Amino acid sequence: MQLIKHKFKNNRFKKHFHTTFSIGYIISGAYEIEIENKKLIIPQGKIKVINPYEVHVASGEWEYINIMPDIEEIKKLSIDIANKEEIRFENLIDDTKALIYLTRLLESKEELQKDENLTLFLSQLIKYHTKTVYKEFSANIKPSIEFMRENFLKDITLEEIARASSLSKYHFIRIFSKNLGITPYNYLLNLRLEYARSLMQTLPSSIAALEANFSDQSHFIKTFKKHFGFTPITHR
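Residues numbered from 1 in each chain as written. Predicted model: local features only at pLDDT ≥ 70, side-chain atom pairs only at ≥ 80, totals over all residues. Heavy atoms only, no water.

### Overview of the overall build of the chain
A tally of helices and strands in the chain yields 10 helices and six strands. Compactness check: the chain gives a C-alpha radius of gyration of 18 Å against a globular reference of 18 Å for 236 residues, within 12% of the reference. When the backbone C-alpha atoms are referred to their principal axes, the chain occupies close to 50 × 40 × 35 Å. Counting across all 236 residues of the chain, residues that qualify as buried make up 45%. (Helix = DSSP H or I, 4+ residues; strand = E, 2+ residues; numbered from the N terminus. Rg over C-alpha atoms; globule rule 2.2 N^0.38 Å. Buried < 20%, exposed > 50% of the residue type's maximum accessible area, 1.4 Å probe, protein only.)

Structure, rendered in structure tokens:
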């Protein structure tokens, strides 16, 4: 589980996504989000959840504590609780009991205590705050999306990506951008940035950047800040 506390002022991020769940408690201000053709304002005292691969734009002025739990842990819990491996949470959650568990989690000192409170917190969200329907990718670009997720660390070409779905480059870009709201290049960039951040839990940012196929450190730092709102040094 990754835990980040950060404050943003007059920020507006580019369209992006995360490869795992991003769950945040808004300490102050308001988190404004554009997601799946709708706009939400998540005020102080509420919980925001961004599901894996949900393309979104965040803006406003807010301070939050954000946790990114292990996706496999959520899968195990959702199978136990809802008999489903794949779930999607509501993006705006107002739940007093969940906040109690979250507060206990943040105050936990020992690993067993943290694990217990994280399990109770996530279980509360799974029981009462999941979506019944969520957007599916267009069937004819699914092979390309899978190809990108499996090969994002390699120097793959647009031709190779489009060919996975038996489409020309032009038609692939058009269909992909219409479905996801971002271009194939930005999708690939997101995958690399998310991978780099996961590596930075145990590795220096310079090594994580190279492992994520960023050969230019300056470009990595600038792109990381645009994506996450803070530098790799701040993240560490």
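### Observations concerning the packing of aromatic side chains
Taken as a whole, this structure holds 13 aromatic pairs when the rule is applied. Relative to Y53, the ring of F17 lies with its centre 5.5 Å away and its plane at 35°, an arrangement referred to as tilted. Here F17, found in the loop between β1 (2–12) and β2 (22–35), pairs with Y53, found in the loop between β4 (47–50) and β5 (56–68); they are 36 residues apart in sequence, far enough to count as distant. Relative to F220, the ring of F214 has its centre 5.1 Å away and its plane inclined at 55°; by these criteria the two rings are tilted. Joined through ring pairs, the aromatic side chains of F17, Y53, F172, F176 and Y187 make up one cluster. Here the guanidinium or amino end of R149 rests over the ring plane of Y53, the centre of that ring lying 3.5 Å away. (Phe/Tyr/Trp six-rings, centres within 6.5 Å; stacked < 30°, edge-to-face > 60°. Lys NZ or Arg CZ within 6 Å of the ring centre and 35° of its normal.)

### Focus on the pairing of strand β3 (residues 38–43)
As judged from the six bridges shared by β2 and β3, these two strands associate in the antiparallel manner. What sits directly across from I33, in β3, is L40. Joining the antiparallel neighbours β2 and β3 is a turn of two residues, in which E36 adopts a positive phi near 50°. (Pairing = 2+ DSSP bridges.)

### With respect to the nonpolar core
Nonpolar side chains in soluble globular proteins tend to be buried together. Counting residues in each nonpolar core, the largest one holds 25 residues, and the members touching the most others are Y31, W62, L193, F214, F220 and F224. Contributing elements (two or more residues each) for this core: β1, β2, β5, α7 (184–199), α8 (205–211) and α9 (217–228). If sequence neighbours within four positions are ignored, Y31 has contacts with I26, L40, I41, I42, K48, I50, H56, A58, S59 and W62. I87, F89, A98 and L122 belong to the second-largest nonpolar core, a separate cluster that totals 19 residues. (Core = buried A, V, L, I, M, F, W, Y, C linked by side-chain atoms within 4.5 Å. Contact = heavy atoms within 4.5 Å.)

### Quick look at a nonpolar patch on the surface
There is a patch of nonpolar side chains on the surface, built from M1, L3 and L106 and spanning about 250 Å² of accessible area. Relative to the helices and strands, L106 is located in helix α2 (residues 96–107). (Patch = residues over 30% accessible without salt bridge, like charges linked within 9 Å, V, L, I, M, F, W, Y side chains within 5 Å. Areas by Shrake-Rupley, 256 points an atom, 1.4 Å probe, with all protein chains shown as cover. Salt bridge = Lys/Arg side-chain N within 4 Å of Asp/Glu carboxyl O.)

### Here's the deal with the side chain of H18
Within the fold, H18 resides in the loop between β1 and β2. The buried category is assigned to H18, whose relative accessible area is 7%. At 2.8 Å, the side chain of H18 and the side chain of E194 are in polar contact. Residues within four places of H18 in sequence aside, it is in contact with I50, N51, P52, Y53, H56, M68, E194, R197 and F228. (Polar contact = N/O pair within 3.5 Å; in protein donor to acceptor, adjacent residues only side chain to side chain.)

### Focus on the pairing of β5
Summarising burial for β5: 12 of the 13 residues are buried, a large majority. In this sheet, β5 lies alongside β1 in antiparallel orientation, the contact comprising nine bridges. The partner of R12 across the bridge, within β5, is S59. Note that β2 and β5 share 12 bridges and pair antiparallel. In the strand pairing of β5, I33 is matched with A58.

### Thoughts on the packing of α2 against helix α3 (residues 111–128)
Packing of α2 against α3 leaves a shortest axis separation of 8 Å and a crossing angle of 160°. Between α2 and α3, the crossing angle belongs to the class labelled roughly antiparallel. Between α2 and α3 the crossing geometry is left-handed. Along its contact with α2, which presents K97, A98, Y101, L102, R104 and L105, the element α3 presents K114, N117, L118, L120, F121, Q124 and L125. Taken together, the residues that form the contact of α2 with α3 break down as eight nonpolar, two polar and three charged. (Axes fitted to C-alpha atoms, helices over the stretch in contact; angles between N-to-C directions. Parallel < 35°, antiparallel > 145°, perpendicular 65-115°, else oblique. Left-handed = near helix turned anticlockwise from the far one by under 90°. Nonpolar A, V, L, I, M, F, W, Y, C, P; charged D, E, K, R; others polar.)

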